[in-house]
Every structure is written in structure tokens, then in C-alpha cells.
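Summary of the model geometry
As a plain string of letters, each chain reads:
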Amino acid sequence: MQTTIGKLDRATGTVPVTFEQNGKRHLRAVNAVIDADGRHDRAATRTRVEEVAQGVAHKFALGLLGNSSVKGQG
């Protein structure tokens, strides 16, 4: 699974993430991890994205997400 994490949206506390696997693509916002000082914890957010990616991969396998091919999209 390839993931691309975008820039933190402070207003929503999320990062946009693109998940791609076997020609399928899914885009969604994932809650960012904000530490006690209000800073974006990038490492913890990456871990959270990896956890979400496991669910996305399962849904890809079931055909519930990513029904359109990535090929030709840029």
C-alpha cells in the first residue's frame, strides 16, 4: 500500500491522504495527532495513517473502495 500524506489542515485537525494499491485509489482525511503543546506530531500521524491503511487495504480487497483504476489519472 502506498500512502501520500498531505499538509495538516489546522481548522479540521486532519491530513488528506491518498491510498493506492494494485491500481486502486482512495482519498480521505485522517485525524492528525496533535501533542499536548498543540504541535502536529508527524511520526504519530504517520502511524495512524498506517493503521487506517490496513482497513483501506481490506476494503480494496472486498471491492468496497477504489473501484476506479489509477492508470491515466494524474
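In the block above lies the structure referred to throughout.
The following refers to the structure shown. Note that the structure is a prediction, hence the values are computed from the model and not measured.

1. A closer look at the overall build of the protein chain
On a plain count of helices and strands, the protein chain comes out with 1 helix and 3 strands. In the protein chain, the succession of α and β elements from N to C terminus is β-β-β-α. Evaluated residue by residue, the protein chain yields a buried proportion of 28% over its 74 residues. Contacts in the protein chain between residues at least 24 apart in sequence constitute 42% of all its contacts with a sequence separation of at least 6. A total of about 4900 Å² of accessible surface is found on the protein chain, and carbon and sulfur atoms cover 48% of it.

2. Section: the environment of valine 52
Considering the arrangement of structural elements, one finds valine 52 in helix α1 (residues 42–62). Taking the C-alpha atoms as reference, valine 52 lies 9.9 Å from valine 17; in sequence the two are 35 residues apart. When sequence neighbours within four positions are dropped, the list of residues in contact with valine 52 reads Phe19, Arg28 and Val30.

3. Notes on the nonpolar core
If you look at the biggest cluster of nonpolar residues, it comprises 12 residues: Leu8, Val15, Val17, Phe19, Val30, Ala32, Val49, Val52, Ala53, Val56, Phe60 and Leu65. Residue assignment for this core shows that the elements contributing at least two residues are β2 (14–21) and α1. Of the residues forming this core, the biggest block, 5 residues, is contributed by α1. In this structure alanine 32 touches Leu8, Gly13, Thr14, Val15, His40, Thr45 and Arg48, once residues within four positions along its chain are discounted.

4. Focus on unusual backbone geometry
Phi at asparagine 22 is positive, roughly 50 degrees, even though this residue is not glycine. One can find asparagine 22 in the loop between β2 and β3 (24–31). We classify asparagine 22 as exposed; its relative accessible area is 75%.

5. A short note on α1
Look at α1: 30 Å from first C-alpha to last across 21 residues, which is about the 30 Å you get at 1.5 Å a residue. For α1, the complete set of buried residues consists of Thr45, Val49, Val52, Ala53, Val56 and Phe60. Burial along α1 is one-sided: seen end-on, the buried residues are contained in an arc of 130 degrees. Across from the buried face of α1, at angles greater than 90 degrees, the exposed residues are Ala43, Glu51, Gln54, His58, Ala61 and Leu62. Contacts made by the buried residues of α1 are with β1 (2–5), β2 and β3. In the segment just after α1, glycine 63 is the residue with positive phi, at about 80 degrees.

About the thresholds
- Residues numbered from 1 in each chain as written.
- Predicted model: local features only at pLDDT ≥ 70, side-chain atom pairs only at ≥ 80, totals over all residues.
- Heavy atoms only, no water.
- Helix = DSSP H or I, 4+ residues; strand = E, 2+ residues; numbered from the N terminus.
- Buried < 20%, exposed > 50% of the residue type's maximum accessible area, 1.4 Å probe, protein only.
- Contact = heavy atoms within 4.5 Å.
- Areas by Shrake-Rupley, 256 points an atom, 1.4 Å probe, with all protein chains shown as cover.
- Core = buried A, V, L, I, M, F, W, Y, C linked by side-chain atoms within 4.5 Å.
- Expected span 1.5 Å × (residues − 1).
- Arc of directions from axis to C-beta.

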